[in-house]
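# Commentary on secondary and tertiary structure
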Amino acid sequence: MNTSGWLQLALYIVVLLLITKPLGIYLFRVLDANGKTFLDPVVKPVELLTYRIFGVDPEKEQGWILYTMAMLIFELVTVLFTYLVLRFQNFLPLNPQGMAGVTDHLAFNTAWSFATNTNWQSYGGESTMSYLSQMLALASHNFFSAAIGIAIAAAVVRGIVRHSTKTLGNFWVDLVRINYYLLLPISIVYAVFLVAQGVPQNFKPYDTAKVVEVQTVQVPKKDDAGNPVKDAKGNAVMVDQKVDSQSIVEGPIASQMAIKMLGTNGGGYTNANAAHPFENPTPLSNFIQMLSIFAIPSALTYYLGRMVKNQGHGWSVWAAMAIVFVAGVLVCWGAEAAGNPIMNHVGVDRAGGNMEGKEVRFGIFNSALFATITTDASCGAVNSMHDSFTPLGGFVPLFNIQMGEIIFGGVGSGLYGMILFIVLAVFIAGLMVGRTPEYLGKKIESYDVKVASIAILLMAFSILGFAGWAALTPWGQAGENNSGPHGLSEIFYAYSSCTGNNGSAFAGLTANPTNNDPHYDITLAFATIIGRFGMIIPVMALAGSLGRKKLIATGAGTFPVTGGLFVTLLIGTILLVGALTFLPALTLTPILEHFLMLNGKLF
Amino acid sequence: MPAQAQSIFDPAIIVPAIGDSFKKLNPVTLAKNPVMFVTEVGALITTVLLVTGHGSNFGFQLQIALWLWFTVLFANFAEAMAEGRGKAQAKALRATRTETFGNRLKPDGTVEKIAANLLRKGDIVVVSAGELIPGDGEVIEGAATVDESAITGESAPVIRESGGDRSAVTGGTKVLSDVIKIEITSNPGETFLDHMIALVEGASRQKTPNEIALTILLSALTLIFLIAMMSLKAFGIASSVDFTIPVLVALLVCLIPTTIGGLLSAIGIAGIDRLVQKNVLAMSGRSVEAAGDVDVLFLDKTGTITIGNRQATEFLPAPGVTKEQLADAAQLASLADETPEGRSIVVLAKNFGIRARELSEMPKVIFVPFTAQTRMSGVDMDGTSYRKGAAEAIRNYVGGHMPEAVEKDVKAVSSSGGTPLVVATRERVLGTIQLKDIVKGGLADRFERFRAMGIRTVMITGDNPLTAAAIAHEAGVDDFLAEAKPEDKLALCRKEQQIGHLVAMTGDGTNDAPALAQADVGVAMNTGTQAAKEAGNMVDLDSNPTKLIEIVEIGKQLLITRGALTTFSIANDVAKYFAILPAMLVGTFKEIAPLNIMFLKSPESAILSAVIFNAVIIIALIPLALKGVRFRPLGAAKILARNLLIYGLGGILLPFVGIKLIDMFITTIGLA
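Residues numbered from 1 in each chain as written. Chains lettered and ligands numbered in written order. Predicted model: local features only at pLDDT ≥ 70, side-chain atom pairs only at ≥ 80, totals over all residues. Heavy atoms only, no water.

## Focus: the overall build of chain A
Across its full length, chain A holds 19 helices and six strands. Taken over the C-alpha atoms alone, chain A extends approximately 80 × 60 × 45 Å along its principal axes. The contacts of chain A with a sequence gap of at least 6 include a subset with a gap of at least 24, amounting to 80%. Accessible surface, chain A: about 21400 Å² in total, of which carbon and sulfur atoms supply 65%. (Helix = DSSP H or I, 4+ residues; strand = E, 2+ residues; numbered from the N terminus. Contact = heavy atoms within 4.5 Å. Areas by Shrake-Rupley, 256 points an atom, 1.4 Å probe, with all protein chains shown as cover.)

## Some details on the overall build of chain B
When you go through chain B residue by residue, the secondary structure sums to 24 helices and 22 strands. The C-alpha atoms of chain B give a radius of gyration of 33 Å, which is well past the 26 Å a tight globule of 672 residues would have. Its C-alpha atoms put chain B at 115 × 65 × 45 Å along the principal axes. Pairs at least 24 apart in sequence give 70% of the contacts found in chain B among residues at least 6 apart. (Rg over C-alpha atoms; globule rule 2.2 N^0.38 Å.)

## Remarks on the side chain of Thr-432 of chain B
All names here are of chain B. Topologically, Thr-432 is positioned in strand β17 (residues 429-436). For Thr-432, a relative accessible area of 0% puts it in the buried group. Thr-432 has contacts with Glu-314, Phe-315, Leu-316, Leu-326, Val-406, Asp-409, Val-410, Pro-420, Leu-421 and Val-422, leaving out every residue within four places of it along the chain. (Buried < 20%, exposed > 50% of the residue type's maximum accessible area, 1.4 Å probe, protein only.)

## Considering the interface of chain A and chain B
Listed as interface residues are 56 residues of chain A and, on the opposing side, 63 residues of chain B. Between chain A and chain B, roughly 4900 Å² of surface is buried when both sides are summed, and carbon and sulfur atoms account for 80% of that area. Counting across the interface, chain A meets chain B through one salt bridge. A salt bridge links Asp-293 of chain B to Lys-443 of chain A, with the shortest nitrogen-to-oxygen separation between them at 3.5 Å. (Buried area = accessible area lost by both parts, 1.4 Å probe. Salt bridge = Lys/Arg side-chain N within 4 Å of Asp/Glu carboxyl O.)

## Structural notes on the sheet that holds strand β4 (residues 137-141) of chain B
Residue and element names in this part refer to chain B. Ordered by their spatial adjacency, six strands build an open sheet running β2-β1-β3-β9-β4-β7, and the pairing between neighbours is antiparallel. Sheet topology places β2 (111-115) and β7 (168-169) at the edges, where each strand pairs with a single neighbour. As paired elements, β4 and strand β9 (residues 180-184) share four bridges and run antiparallel to each other. The residue of β9 that forms the bridge with Glu-141 is Lys-181. (Pairing = 2+ DSSP bridges.)

## Focus: the pattern of salt bridges
Within this structure, the stated rule accounts for 33 salt bridges over all chains. For the salt bridge of Asp-300 of chain B with Lys-489 of chain B, the shortest nitrogen-to-oxygen distance reads 3.2 Å. With Asp-300 of chain B in strand β11 (residues 296-300) and Lys-489 of chain B in helix α18 (residues 486-498), the pair connects residues that are 189 residues apart, well separated along the chain. When its relative accessible area of 5% is taken as the criterion, Lys-489 of chain B is described as buried. Linked by salt bridges that have partners in common, Arg-435, Glu-438 and Lys-443 of chain A together with Asp-293 of chain B make up one network.

## Some remarks on empty space enclosed by the protein
All names here are of chain A. A full pass over the atoms with the stated rule returns six cavities of 30 Å³ or more. Looking at the largest cavity, its volume works out to about 300 Å³. Looking at the largest cavity, it is lined by 25 residues, and the ones nearest its centre are Met-403, Gly-404, Glu-405, Met-459 and Met-535. For the lining of the largest cavity, the elements supplying multiple residues, two or more each, are α13 (391-402), α14 (413-430), α15 (446-472), α17 (484-499), α18 (519-548) and α19 (563-598). The dominant element in the lining of the largest cavity, judged by the number of residues it contributes, is α19, at five residues. Taken together, the residues of the lining of the largest cavity break down into 12 nonpolar, 11 polar and two charged. (1 Å grid on protein atoms, 1.4 Å probe; cavity = no way out; pocket = protein on both sides within 12 Å on 5 of 7 lines; lining within 4 Å. Points joined across faces, edges and corners; volume = space filled by probe spheres on them. Nonpolar A, V, L, I, M, F, W, Y, C, P; charged D, E, K, R; others polar.)

## Section: unusual backbone geometry
Among all residues except glycine, the phi angle is most often negative; among peptide bonds, the trans geometry is most common. All names here are of chain A. A positive phi angle, near 60°, is found at Asn-273, a position not held by glycine. For Asn-273, the location among the structural elements is in the loop between α8 (253-262) and α9 (283-307). With a relative accessible area of 4%, Asn-273 lands in the buried category.

## What to know about the packing of aromatic side chains
Tallied over the entire structure, the rule returns 36 aromatic pairs over all chains. Ring centres of Phe-108 of chain A and Phe-526 of chain A lie 6.0 Å apart, and the angle between their planes is 55°; on these two criteria the pair is classed as tilted. Taken as a pair, Phe-108 of chain A in helix α4 (residues 104-115) and Phe-526 of chain A in helix α18 lie far apart in primary sequence, 418 residues in all. Exposure remark for Phe-108 of chain A: the relative accessible area of 23% places this residue in the partly exposed category. Between Trp-67 of chain B and Phe-70 of chain B, the ring centres sit 5.3 Å apart and the planes meet at 55°, which makes this aromatic pair tilted. Of this pair, Trp-67 of chain B and Phe-70 of chain B are both found in helix α4 (residues 58-95), three residues apart, which corresponds to roughly one turn of the helix. Through a chain of ring-to-ring contacts, the aromatic side chains of Tyr-12, Phe-287, Phe-294, Tyr-302, Trp-315, Trp-318, Phe-325 and Phe-408 of chain A assemble into a single cluster. Taking NZ or CZ as reference, Lys-358 of chain A lies 4.2 Å from the ring centre of Phe-389 of chain A, over its face. (Phe/Tyr/Trp six-rings, centres within 6.5 Å; stacked < 30°, edge-to-face > 60°. Lys NZ or Arg CZ within 6 Å of the ring centre and 35° of its normal.)

## Comments concerning the confidence of the model for chain B
Regions with low pLDDT carry predicted coordinates that are not meant to be interpreted in detail. All names here are of chain B. When pLDDT is averaged along chain B, the result is 84; 92% of the residues meet or exceed 70. Ignoring residues within four places in sequence, the model shows residues 1-5, a span with pLDDT below 50, making 14 contacts including any to other chains. Across the interface, the model reports ipTM at 0.91; the global pTM reads 0.86. (pLDDT = per-residue confidence, 0-100.)

## Points about the domain arrangement of chain A
You can read the domains of chain A as domain 1 (207-248) and domain 2 (411-598). Each of domain 1 of chain A and domain 2 of chain A has a C-alpha centre, and the two are 44 Å apart. (Domains from an automatic or database assignment.)

## Overview of the environment of Pro-297 of chain A
Residues and elements named next belong to chain A. Checked against the element boundaries, Pro-297 lands in helix α9. On a C-alpha basis, the gap between Pro-297 and Leu-369 in space is 17 Å, while along the polypeptide they are 72 residues apart. Residues within four places of Pro-297 in sequence aside, it is in contact with Thr-264, Phe-408, Gly-409, Gly-410 and Val-411.

Given below as structure tokens:
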């Protein structure tokens, strides 16, 4: 844990803090259907034209059920579209590498994974997807799912602010405005910046380069039909293969990268994701990518404060997030910097810690920081391999996801997830001030507790249920790349990541095996669906309920939602709920692995 | 009804409560409490596994099973204790109602004797001196003095008469003089006492809205822990660790919020019970909760803020008149004045050495009573007419002109919120008497504390704004409503609620009823009319309007206790994880031993200690649940900080100590 790391961490937080207010104010205007922005002269006509084409009446607001239904219908249609494009990409243009159509379960998994802002990838992008699939089928969802997250968050905040009313806004207006005024303009500028940093943006076929040092590797021998040849004992026959050339990926990468980070999507163009030099070429691009993950979620806390006319509350939520974030960075960084005691003991140069699975360009600190950010948010882009972290270093991303990805969190989803925890915290501790619980002038009653509980229950059931199931089945165990607690961690991480709509992986896990076993693809896809809509629907029900309530006057007797006490309480609730739910399973995974490692056992 | 609190350790309550604890094991009734139901199922499973001979460590499993049963029994005991205390109150209430007979007036005018519990709404009964009133009702004819001490504990008899605001009578009270006709207003089983008895006994007890919400949360937590245990079992199998069912059940029961789950209903009953001890009958548990939420109090000036009526506080003589002369004249002018004001003048005059005169000593005196025309009263004695009255009336009496100094005094008294009375003879104005409302001591302090808690006090008075402002200032209330008519009260209540406030108020008259019904907490005075009692959601048997303040405190105390124990219960889980999880794993993975940060002796002792702690803490917290967390009138932030520290942080730390101590104890005596 060196000075340069501390300085970079401080720089990151300061810059994040600085952009929170201006971006928050901009969000406040974008999320107001009649808000004015500096882009109005250019974008307003297009916005109005869009409404006219699709027959949307921007003045007509929807109640929570209609709003949610509109969102679900939109999701279904776009998922079907993506599924079809992936399945039949071999018949479609912009496929210079001649990629085959994607298999049914992988297309199913991928379509839902991108639609739910998860971007779990059971495939390597550069070896599976055509340019058209990347741009049209996948990148479009990066915009849509990010916009939906923000729209839902805005609807929930409106539910908090409004009273004695049934409507929460118009989904179509929110969707259009968020894309036109927020995501598209920033992404365009951002993509140009990335091109300047050296990220490719073209439609060229992949380049081939001669390697400097010719190597020989052993590969399975295949017969004419392409099936592996086996010897008498059933083992694959291996043959030498000389590697003298290298395929270099090309394509519309920069445009994909911008929204992938800004929208906390995280789905990489390449298999290596942000560790690939074409996706993340420079220290500056690395810094900006990390910043852009937190940018909108952070600004949304300002938006919350502005909307509820209690900026202190917005900043308190920000502070709670920031504190847990920094704690996560320090644990992860500390664990990685300390490295593996067994390696240290035998005198291997530990290069300042555990460098396995990390880009030398980024080193330990920037890998730990990126890993914490990407899992605090529901991004899931990675610039290092979380699977190769030390047990405690890997525990941080895993637990970040399990806490619900509300530490800044995904765009929109972080805020509405956090509001769920605020409601819980207020409900549990609120009684202690001697009044029935209330949040910002709204009584928290049994209906609200019920829907909040359903959301948290569904998350726990999806993560623990699927992971427990997979751990006991042959197909589940077949996916493990490592034995013992680490193999179990890989399964646990996968379902946590998909349920949390994160998308990163302990990537040793083989979720899409060569024998085409569809179990992981299907169950993980369902985890993404439960994680997304099992959260959104209850949260919208909560918003609807809050919006219908009367406003209660606040005063000295009201539960305080600003200041250190509230921040402490909120952090305590988040940690406690996360820990109580997942600690038993975590004890058998990273925690056990940590103690075994201290005693000289590795997996 | 006894107004004193029973001792927590009263054997008369404890012994039957122990019996009830076993009766409450009935899963049908227990199912209403999901947390304890799961605990009972867990206890049952471990017992079945034990008797069917599954498992290897009989002694250990036996103890686990026993303690799980104890957990359920302790929770049942807590509820039974609260009910027992309620029943004891109810018994005292009931004692006043047994074997009462009523004289029912038949349509033909004759009277028949009938048992009180056969009386129906609308029946008319005749009650004479010495008889008990057979049921709640309204006096429709006559007036009588009634001893209501059976209910209020107040020994002074009160007057009940037909018409007006003092017509309501309560069953079980005794008529001391005269004969009254009463129309019965409720069927047996519907009277306030019956209502109250049912509420504390649990027969008609319903969960309050907040209790329902909390039960949902506790059930959700229970489900989460259930799935966590199942995943633990699955991960265990995948890691080649075989967690036995009794151990998993033990961990589950330790984690689910048994502490608050077991004490929740006891807390609710105890809240109602505490109200009863203050002689307040709540019509529902819901109204007690609402009392905690109230942030605006409507306080009637008379009786709540000021002591009864205005009193003479000072004599202000006119130029050339001594105080003694003025006092003497004032006393004479007030001798025949039986109003409280008049009496207070006589009392004040005594302080100036004016000896008390007896009317019988003065045969030649002619009394001039107060009339609406003259607006004066006084005496004619030895050729001199002494008069006292409003300044205007006296001015006219003395010929249209009063000395400058007296006019000044009159104005000064008025503007300070007092009422000036001028004393004069036909020839001469003698001076001014200052009548003032006497604000009760300590109120300003109390209102200040309310302000800190975010509760606004509004004084309601019929006085003119000037007087009202002065009294409001002296009493330290935040706001006042002057020249208030009952409909103004309703309008103000609506207005406050419109802007999101929750209002509590008291009332007794029929015309208070709409406002009482509108208020979130409406406390009807027991002396009030039936209409008022029906409109409110609480009845104060003592008819003491100041009690509103205590009702709010009891409501807050109830909610704080519930929140504190919920927080405590959930915070406890941290230590239980540290006790049980390492114990479950250390057999297969000895490397995990450092996680046993409490250094518990063996895996068995660790698990057993956690289970025992989990059970015993319920018993240990019963007194707190019944008495309630001590209430401090502070702002929300301060109360929260304090309670979070005690029940949140304390809830995390205490079980570490407790489990360690239990572990030391049971390993010493060789139980594990």
